[in-house]
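Examining the three-dimensional arrangement
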Amino acid sequence: GVRATLFANAGTDYRERSIDKMRTGLALKAETADDALIVVVDGDMNGRSPTTSMTPPEVLYFADRRGWYRAMDWLDEQAIEGLRQGGARYLAVSLPDASLFRAGYPALYNALGRRYHVLFDDSRGILYELMPERSAP
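An account of the accompanying structure is given in this report. Position numbers for residues count from 1 along each chain, tracking the sequence in the order it is written. Local features in this predicted model are restricted to residues whose pLDDT is 70 or higher, and side-chain atom pairs enter the listing and the counts only when it is 80 or higher, whereas totals over whole chains, interfaces and linings include all residues. Side-chain numbers here rest on the full set of heavy atoms in the structure, without hydrogens or water.

Attention shifts here to the nonpolar core. For this analysis, a nonpolar core means a set of buried residues of the types Ala, Val, Leu, Ile, Met, Phe, Trp, Tyr and Cys, connected via side-chain atoms within 4.5 Å. A 1.4 Å probe rolled over the protein chains alone gives each residue an accessible area, and that area as a share of the maximum for its type sets the label: buried under 20%, exposed over 50%, partly exposed in between. By size, the foremost hydrophobic cluster in this structure holds 18 residues, and its most contacted members are Ile80, Leu91, Val93, Phe101, Leu112 and Tyr128. Contributions of two or more residues to this core are made by strand E1 (37-42), helix H3 (77-85), strand E3 (88-94), helix H4 (98-104), helix H5 (106-115) and strand E5 (125-129). If near-sequence neighbours (up to four positions away) are discounted, Leu112 is found in contact with Ile80, Leu91, Phe101 and Tyr128. Going along the chain from the N terminus, every DSSP run of H or I of four or more residues is numbered as a helix, and every run of E of two or more is numbered as a strand. In this description, contact between two residues means that some pair of their heavy atoms is separated by no more than 4.5 Å.

Printed below as a string of structure tokens:
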């Protein structure tokens, strides 16, 4: 019936998102040092506050890394700088939401590209190296 179709479609979307997050996680595992701390960003918890959200586990799990989760809605340059000073070496936008980040947060997307080294921005997601910070032109 209708309920079964809704659940089937929701499950398919969830599985596809999880596979995309796995791709980002495996790319992080290949591109980062074992002890690197990573900030993982996506849109899953947009619309929630940090106190009412959860940490989507896939990217950090498949990367076999530790770090922080941040929803796109919570991010600004000051928050990222605070995480960088707290030891975050990379910031990764997971694949299913990389296009949302580029289109929906263009000022932040462009600022990060100018301020930090972009290791990849492609079918794996987006990965910024936060340390060392790029020197000003």
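Quick look at the packing of aromatic side chains now. A pair of Phe, Tyr and Trp rings is counted when the ring centres sit within 6.5 Å of each other, with Trp represented by its six-membered ring. The angle between the planes then sorts it: under 30 degrees is stacked, over 60 is edge-to-face, the rest tilted. Applying the stated criterion to the full structure yields four aromatic pairs. Ring geometry for Tyr69 versus Trp74: centroids 6.1 Å apart, planes at 85°, classification edge-to-face. A relative accessible area of 5% means that Tyr69 is categorised as buried. Measuring from centroid to centroid gives 6.0 Å for Phe101 and Tyr105, while their planes differ by 25°, and the two rings are stacked. The same class applies to Phe101 and to Tyr105, which are both buried. Three or more aromatic residues joined by ring pairs make a cluster, and in this case those are Phe101, Tyr105 and Tyr109. Cation placement over rings: the criterion is NZ of Lys or CZ of Arg within 6 Å of the ring centroid and within 35° of the ring normal. Positioned above the aromatic ring of Phe120, the side-chain terminus of Arg124 is 4.1 Å from the ring centre.

So, about the pattern of salt bridges. Any carboxyl oxygen of Asp or Glu within 4 Å of a side-chain nitrogen of Lys or Arg constitutes a salt bridge here. Here the structure, examined in full by the defined rule, presents 14 salt bridges. In this structure, Arg124 and Glu31 form a salt bridge, with 3.6 Å as the shortest nitrogen-oxygen distance. Of this pair, Arg124 sits in the loop between strand E4 (117-122) and E5 while Glu31 sits in helix H1 (residues 2-31); the two residues are 93 residues apart in sequence, bridging distant segments of the chain. Given a relative accessible area of 38%, Glu31 falls into the partly exposed group. One network of salt bridges, in which partners are shared, links Arg17, Lys21, Asp42, Asp44, Glu58 and Asp97.

On to the environment of Ala92, then. Of note, Ala92 is situated in strand E3. In this structure, the C-alpha to C-alpha distance between Ala92 and Arg124, residues 32 residues apart in sequence, is 9.8 Å. Ala92 has contacts with Leu28, Ile38, Val39, Val40, Val41, Ile126 and Leu127, leaving out every residue within four places of it along the chain.

Our focus in this paragraph is the pairing of E3. Here E3 lies mainly inside the structure; six of its seven residues are buried. Note: two strands are recorded as paired if DSSP finds a minimum of 2 bridges between them. Examined bridge by bridge, E1 and E3 share five bridges and lie parallel to one another. Each residue of the ladder has a partner; that of Val41, found in E3, is Val93. Across five bridges, E3 lies against E5 in antiparallel orientation. Residue pairing for E5: Tyr90 is matched across the bridge by Glu129.

Let us now look at the sheet that holds E5. Pairing is mixed in the open sheet, where five strands are placed in the order E2-E1-E3-E5-E4. Each edge of the open sheet is held by one strand with a lone partner, namely strand E2 (66-71) and E4. Between one strand axis and the next, the sheet turns through 15° on average, direction left out of account. Pairing of E1 with E2, which is carried by six bridges, proceeds in the parallel orientation. To obtain each axis, a line is fitted to C-alpha atoms, and for helices this fit is confined to the stretch in contact; angles are then taken between N-to-C directions over 0 to 180 degrees.

Just geometry here; none of it tells us what the structure is for.
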